[in-house]
Each structure stands twice: as C-alpha cells, then as structure tokens.
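Summary of the model geometry
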Amino acid sequence: MTFNFHRILCLSASLAALNLGAGMVAATAQAQTVANRVVTVDIKAGDLNTALVQLSRTSGVQVVADPALLAGKTTRGVKGNISVDQALGSLLSGQNLSYSLKGDTVIVKAGVTKATTQTVTPVMAAASAPQADTTPPEAIEEVVVTGFRSSLAKSLNEKRKAVNVIDVINAEDIGKFPSNNIAEALQRVPGISITRDRGEGLFVRVRGLGPNFQNVTIDGRSAAVNENVRDSGQSGRQFRFDTMASELVSGVEVIKSPLASLDEGAIGGTINIRTFKPLDFKKPTTSVSLTTTYVELADKVDPKASALISWNNEDRTFGALVSANYGIRSLRSDRITGVSWTANKIDVTGDGVTDTNFTPSAVRPTLERERRERWGLTAALQWRPTENTEIALTSFYTYLDNFYDELTYSADFVLSSLVPGSAKVENGALVGGRTTSTSTQIGREIDYLTHDNMLTDLTIKHRLGEWDLSGSVYVARAYSNTDKPITRTRVLGNSGALEFYIPQVGDGVPSLDFLTRDLNDPILPFRRTEWRINDSTDEEDAVQFDAKRDLSWGVVSQISGGVKFRDRSREYNRRDINFTRNRSGQTIGGNNTLFGREFYDGFPEGDFLSEVSGTLPQTWLLPNRDAFLAILDTSAIANSAPARGDLRNSYYVAEKIKAAYVAANIDTTVFARSLRGEVGVRYAETDQTSQGHADTGSAAVPVSFDKTYKDTLPSANFVYELRDDVQVHVAAAKVITRPSLADLSPRLTLNSSGTVFTAVGGNPLLDPFEANQFDLTAEWYFAPGSALIGGVFYKDITTFVYNQNTTIAIDGQNYLLTAPVNGGEAWVKGFELAWQQNFKFLPAPFDGLGALANYTWTDSEATYSATLKDKMQNVAENSYNITVFYEKDKLGARLSYSWVDDVLASVGTGGLTNLNDKAYGSLDGNISYKIDDRYSIVAEAQNLTNEAQWQFAQNGQFGGYTYNGRTVSIGVRAKF
C-alpha cells in the first residue's frame, strides 16, 4: 500500500471544513453545560484530593488543581443524584477553594466557593437536574504548578488515575526538565536503567529489556530513529535520546502495560515524550533560559539557550506556540578499549605443562574528544472553532552536529616471544610478563556526523452527537550521515620489547612499558588511510482514525475503536575505500617505509588517564591525516560505482503495517468498592520487504525477501480500589517486538582491520519476538504527594531471537560470522518497589524535605539452542535510585543517586569477546533559587563522585575502562 499524503492532507482539510460546519450547527443547540451534568456519586468523607479524583472518574470531567492547594485538606463527602456543580460545591465547602470551568475541564483555585442551591441528598436525577445554563463560563485564571515537589505530585496523580501501569515524569516548569538529558531523568522511574555514551544518556532499558524492545513516541506518534553511522554497530529501532534537548519536553510517560489503542511493538514498554501545546497555557507566556556548562575533563565551557513563546486569544479558541533551543556540549573520554581474551593453554615455565586457561590478546589506550552542537525547534497551532471541534498542527525538529576525534595506540601481545620466567598467572589467566616482540598500531579517526529528526502531525478532533472522533496524519523522518567522510589514518609495525601487567577489574588500568621503542618517535611504517561515507534514512508515514463513546451498558462505561496504516522504511548506504598507494601508484606501506615528524602531530593532552592507577604511555605521536592524504592516490573517490563490500553493507527494509483495535472501558463496583479498567484487542498485519546484496563467496548479488505476518494482541487492565487511598492494578497482554531493522537486512559486514577475521550479518526471515506479559501492582497513597508502591511482573517470550556464530568463506578466507536467528523461548520476571514522601509533618524549616526511592530486581532465562539455556544478554539483576530533595519558599535543592548492577553480555552465545559492564552508580545534584516570580537561577552537577565505568570479560578479568569526569552547569531562567 502506498500513501499519497498530498491527497490525505487535502482530504483532512476538507473534513476539517465539514466538521467546522457541523460544529457550528451543533453549537446553536447546546445540551446542558458540564456544570449542570447530573451524576450519581457516593464519595466518602476523607482526603480532598482523593475525593476530587473519584468525582473526575464518575463524571468524566477533568479536574486540575495545584497539589499544594489540596495538601492536608479533607472533605465531608457527598452522595446523591446531583449536578457536577453541586458535587463540587459540597466537596470544596469550607476549604477556601472555588473552581472555574472551561469545556470539560474544572480548575480548582483559591477563593470561597459559591453555595449550592439544592440540598444534596439521594433524589431522582430528573427532579434534581437544573435547567441548562446559557451564560458564558467565567474566565479561567492561570494555575501555575512549578517546582520539583509539584512535578512529582502531578506525576503521581497521573499514575493514580491511569487504568494501565504507567510512570510519569513532568517538567518542573517551562524549559526545566528534571535533568539535562531525558534518559538520565528516566532513571528515577522504577524498572528503568540507561546506556551511556561518553557520559550522556543514550538508550533506555525497561525492566531489564534492551532499547530494541521499546517503542518511543512523540505526543503519541511513532518517532523515527537515528542510526549509528560512525562504525559497523547499528542501533536498529533504538531511539537515541542524545538527539533531543530536554527543554523541548513537557513530560514523559513510561507505559509498562499496553492499551489496545497503543501501537504494537513494545515488549519492554512504550516511552511517550510530550511537548508543550499553546492551549495548555491559560494566557500568553514567554520563557527564556541561558545556561553555561563546564566539562571538567575536557576543560571546556559550553553555552546553552532555550526559549518558548506561546500565545492564545482571550477565549482560548486559538493558540500558537514556538520553542527553540541551542547548545554545545564538549566531551572527553579517557579509555582502555580493545581488550580481548582467548581460551588458550600455554606453557609459561618451560616444564612441558600448560599453566594457563586464558591469555590476553591486546590492549588499546584511547582518547576520545567530541563537540556536540544541538538545535531544536517545536511549533504548534491549535484551533477550536466550536466547542465540539479542535484542529491541531504540530511539528518537531532536532538537529545534532557531532565532531568526533579518536586518538589511539595498541599493544598486541606476541606471546610466542614471552620471556621464560617472566609470566604472571592469576586464577588460570596470564596477566603479565615480558615479550621481546610487540605489534603496535597508532591511529587517528576524525568524523563529522549529523543527525536530524522531525515529526509533523495534523490532528482533527470532533464530537459528533455522542461520539468523540479523531483523525490524524503524520510524517516522521530521521536522517543520519557523515557530513564529511570518516577518515582513519593508521601506522603499524613492531614496537619491540614490552613488559605488561593487567590487574583485576576495578584495581586500575593495565601497565604497559615499551622497553626498546618510544611512541613519541616516528617508529612505525605507514599502513593505510581509511575513507568512509555513510548515511541512513528512517521514515514513517501514517494515517489513523479513532472513535469513542461514553455509555451505560451495565459495567461498560465507554467503547472505543480505531484503525491505523503505517508505512515504515529504513535505507542504509555505506561506501569504504582504503588508500595505500601514492600518486605514482606505488604501495607506500611496509616495514621499510617510515615518515618523518612532518607527517605527525603531538599529543594534545597532558593528563591522559592520570586519574587512575597504571603505568603506560600517556602521550604518543599521531599520524597527520592531511599530510598523508596529500601524497596518497585518492582518485577512487571519483568512482561513483559502489564496490562489492559497499553492496554487502548497504540495504533497504520496508514495513507496511495495517492495524485495528476495539476496546471497552469498565466502571463498576465490587464489594462496594470501585473497579475500573479496559479490555481490548488489537490486530496488526505486517508486510515486510528486505533488499540488499548477498555474497556468494566471490561476488555480491542482489537479493530481495518478502515476508508477511499477522498478530492478534488482546489486553486487559483493571484497577480495584481496596480503600480510598489503596488501589491494585492487574494487567495482562500479548505483545510483540519486531526485530531490529539492521537484523532484518540481508547485509554482510566484514571486519576492516585485516587482522581480525570476523563478520556481522542480518537475517530477513526473522520472526518477531512474541510474549505474554502479566503485571500486579499495589499502590498506597498515604498522604498528599506521597505513595508506597510495589509490583511484580512476568514476561513469557515465546519467540526469541539471539545471535549465532558460524564460519563463512569469502575469497578463500574464513570469517567468524555473527548473525541473528530465531531460537526457543525466554522469560523475564521481577519486582519493583517505589516510595515517595513529603515530610510536611516535620517542624520548620525541615518541612521542606522530601524523598523518593525505587528498587528493581530482574531475573531472566533464554533458550539459545537445544542444549544451551542461560541468562538473557544485557539484563541487569538489580538497580535502584534514591533522591532527597528540599523545597521551601524560594530555595530548592536535591541529590539523586542512581545505580545499576552488572550488565552481562558474555552469557548465552556470547563468549570471551563479549565484554560485560561492571555495576555503575552516579550521584547528581541540583540547587535553585527563585529570585522573584519571573527570575530564577539554577546550578546542576552530574557525576559528583567522579565515577568511571569498567568492563570485564567472561573469566572475570579486566575488559575495559571509561572515564568522563564531572559536569557542572549554572543558568538563569525567566518567565513572563
């Protein structure tokens, strides 16, 4: 199916005009106003916030209030067949509170409530229903909910109202998300852990499942995905959170149990990013923030700015909003990478008996420097031409420009030259010794990468009689490319004798002592300059229509349904050239080809790896790319025809998805307590096409694979209120996750080193992951803005995909190929605990204190073959977060510590080549001061304890080290 979006947009505009006309007719014959709507209520005396939540559920009227207004207040309750106005009057009586009404939204505010005009007793609806009020509703006064405490209370209230299992993070104020990075803020949510890239949050894991198991949406619309174009590793469907500035975000929902209306594809969960809309504001608003950030290790000071302007007319029937941000982030990582171990038994003493089980192959000290420049823009128009119609046009755009500079050298151990008697063996592993020969490569990689991501959506909502209708069309696109070609310039040769020692993980980095050569001299012959261009385009075009209707069919309070058509595609192109000849056509590499210092640059930093124990070269000469390119024959660049390897690396994958759903909302009582929920079913049919080139061993030939699969996905979510302040969530669903787009491709990528013969491939015939999942959660809201929550979850993954290693021959050379295959089964289970509390009961000034904490335990098992069962890869068993905050008057402060357990990759079919992440914790802080109603200053810091990230191999030995240092930001915000 091919969508013609020009026609669809025209059709949408025509429908909007028809809806406008219908809405005007309907407006002339309005039914009763919301205030006069008659409802049957039985709300017990008690906490006012709980009572208003119950009234909202019963009446279908949204009630909005600043949690601070409701804190500590109680109500006498109300019972009877009465109007919403009467119910609110009784509940707010004596509280110095009143309300304003606009449409279906009630705004609770300070002020004396008007007296009710009728006695509130159980009477017949017909007798108690007043006549429709034709006077216009009073103007709504702005209710501003700001601050960390208020954002927590608002998030908790959304969780409490939801029928499914969700967690929510809300912005503290316009342009003030709780963290500078969206992924880092999500660590505060139970069951969430993140993957970092050079200290910044990049990907999100939900309940132990990796980023490929999540759906990421923007305002409920599927987000396109930016791909990694720096190296051979591809992200697939993993959304890069480093491309999006947090200032553009009003809130994030983590949806752990699905509703039928949500897009299928998330066994882990759906992460919905919400942006600001103009009619969210009660009056024209302008917000500006200016921030400067100091990155300690990079020793750079970077600027960041954001602004939002929102306008609406007095009647709040039309609004326009635009927000923008710009920022620079300088990063530096001091690393040890490339550490590899092999299962190897050797005799190190010369007595004819093997002394080792494992031996190291190489160590690669690496300095990485980056400059990330981000732009972001959102724009939104909202128009409510009638009470029954709303038309919204929104657009979201982000741009990331990334300069990357990698400086590295290697020590590749020639163990055949190990000096007898010098070896150090610990726990069966060779960890030290002296060799008379060492292979060393020095390289410099320079990349200019760009990522842009956009989404544009047109949505029309209209109430037609008893039905609420919604139609939308959207286009999402993510483009990643090498703005300038990637270049890697390498020199390679024998660096002579070496003494080495590799400590246990966490005890320091390896010691390397080059005994006969100095890496600050031009001692190695030229090897080659690698040249690469790479681009990836990820697109989704979609049309959807939804309808729902409130009714009273026994326990059914609402029915809903909808259809959606999605056209998703990924095009990935890559071209590689290696330059080894000069302009005369002669090969200039080899042991006898040395170049002088004019072909090298000095090392730019004087404190490389100075923060950790270990003795190794901290400076070395760097090959100068431009100097070598000036003498190399680069004429192959002009040849536009892709080479055989380029054809193998490139691919195109398309998915055309048709989906439909129906659902019914439940609202009843069981044992005199409220039971609400939703039951539904979603049907999806996916037509998949994978195109690329397969290698016969001597040539790349074009191939195309088609596959169709259908899924019926039932879901059920229920909430039962055991008490006014205690409720239980029960949820069950069948869910799927489609394989990574890169895994679905018929690609074949060979290791380009020329010394390590490994390859990575795809599998167009993969089936999607399928799972049955179950949730049980108990929630105790024991005080305003406070809760104690515990839950268990279980995911039975009936169709599982894992990586399998096989050997293939290309041009007579054997390669170890890693490619995905469908396997047996897997399961993930665990529990979550969360606590949040305001310490209002403490004497001043300590009554401004508060805290929240969560802990998640996860266990898993997967069947990798008929004879192999093991843990699932990249699942952390334990994780927790603790936050302590203080907020009173003008001062706010908080400390947050996040910790995640070991993340294992060497389980299952993973081996010594798969490195595991050591447990990691990060302490972050924030302090703010509100100068007046308009201005505030904020200081933030990340990684206050200066932690590093470590990796270890399957045998428990050292595998890698990354240090990024601390980051401190100071900013000022203004709102008008």
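Residues numbered from 1 in each chain as written. Predicted model: local features only at pLDDT ≥ 70, side-chain atom pairs only at ≥ 80, totals over all residues. Heavy atoms only, no water.

**Here's the deal with the environment of Pro642**
This is how it is decided: Working definition: helices are DSSP H or I runs of at least four residues, strands are E runs of at least two. Numbering for both runs from the N terminus. Whether a residue is buried, partly exposed or exposed follows from its accessible area with a 1.4 Å probe, protein chains only, as a fraction of its type maximum: under 20%, in between, or over 50%, in that order.
As for its placement among the helices and strands, Pro642 is situated in the loop between helix 8 (625-629) and helix 9 (644-649). You can call Pro642 partly exposed: its relative accessible area is 46%.

**Looking at a nonpolar patch on the surface**
Cut-off, in case you're wondering: Nonpolar side chains (Val, Leu, Ile, Met, Phe, Trp, Tyr) are joined into patches within 5 Å and like charges within 9 Å, using only residues with over 30% relative accessible area and no salt bridge. Accessibility throughout is a Shrake-Rupley quantity obtained with a 1.4 Å probe, and a residue counts as covered only by protein chains that appear here. For this analysis, a salt bridge means a side-chain nitrogen from Lys or Arg found within 4 Å of a carboxyl oxygen belonging to Asp or Glu.
A surface patch of nonpolar side chains, amounting to about 820 Å² of accessible area, comprises Val288, Leu290, Leu891, Ile927, Tyr929, Ile931, Tyr935, Ile937, Val972 and Phe976. With relative accessibility at 39%, the residue Ile931 sits in the partly exposed group.

**Some details on unusual backbone geometry**
Cis geometry marks the peptide bond from Ala844 to Pro845; its omega dihedral reads 5°. Secondary-structure assignment places Pro845 in the loop between strand 41 (826-838) and strand 42 (849-865). Notably, Leu609 is not glycine yet its phi reads approximately 55°, a positive angle. Located in the positive-phi region is Phe671, a residue other than glycine, with phi close to 55°. Its place among the elements puts Phe671 in the loop between strand 31 (651-670) and strand 32 (673-695).

**Considerations on the packing of aromatic side chains**
The condition that has to hold: Note on ring pairs: Phe, Tyr and Trp rings are taken, using the six-membered ring of Trp, and paired if centres are within 6.5 Å. Classes follow the plane angle, with under 30 degrees stacked, over 60 edge-to-face and the rest tilted.
Applying the stated rule across the entire model yields 32 aromatic pairs. Seen from their ring centres, Tyr409 and Phe514 are 6.2 Å apart, and the 70° between their planes marks the pair as edge-to-face. Separated by 105 residues along the polypeptide, Tyr409 in strand 19 (residues 389-409) and Phe514 in strand 26 (residues 511-514) bring together distant segments of the chain. The same class applies to Tyr409 as to Phe514, namely buried. Here Tyr572 and Tyr651 contribute two aromatic rings whose centre-to-centre distance is 5.2 Å and whose plane-to-plane angle is 15°, an arrangement assigned as stacked. In this pair, Tyr572 is assigned in strand 28 (residues 556-579) and Tyr651 in strand 31, connecting sequence segments 79 residues apart. On the basis of relative accessible area, Tyr572 is assigned to the buried category, the value being 1%. Exposure remark for Tyr651: the relative accessible area of 3% places this residue in the buried category. Of the aromatic side chains, those joined through ring pairs into one cluster are Tyr409, Phe514, Phe603, Phe608 and Trp620.

**Concerning the side chain of Arg532**
Our working rule: Any pair of N or O atoms that falls within 3.5 Å is considered a polar contact. Within protein, one atom must be able to donate a hydrogen and the other to accept it, and sequence-neighbouring residues count only if both atoms are side-chain atoms.
Structurally, Arg532 is set in strand 27 (residues 526-553). Within the structure, the side chain of Arg532 is placed 2.6 Å from the side chain of Asp576, a separation counted as a polar contact.

**Some details on the sheet that holds strand 35 (residues 748-750)**
Which entries qualify depends on this criterion: Here a strand pair is declared whenever DSSP counts at least two bridges between the two strands. Every angle, taken between N-to-C directions, lies between 0 and 180 degrees, and every axis is a line fitted to C-alpha atoms, over only the stretch in contact when it is a helix.
The 4 strands lie next to each other as 35-36-40-39, forming an open sheet whose pairing is mixed. Every interior strand has two partners, whereas the edge strands, strand 35 and strand 39 (801-810), have only one. Neighbouring strand axes in the sheet, compared pairwise and without regard to direction, differ in orientation by 25° on average. Here strand 39 pairs with strand 40 (residues 813-822) via 10 bridges, running antiparallel. Residue pairing for strand 40: Gln804 is matched across the bridge by Ala819.

**Examining the sheet that holds strand 12 (residues 221-222)**
Selection rule: Contacts are assigned to residue pairs with any non-hydrogen atoms lying within 4.5 Å of each other.
Read across the sheet, 5 strands follow the order 8-13-14-11-12 without closing on themselves; strand pairing throughout is mixed. Among the strands making up the open sheet, the edge pair consists of strand 8 (166-170) and strand 12. Each of strand 8, strand 13 (249-255) and strand 14 (269-275) touches helix 6 (residues 148-161); the most contacted strand, strand 8, lies at about 155° to it.

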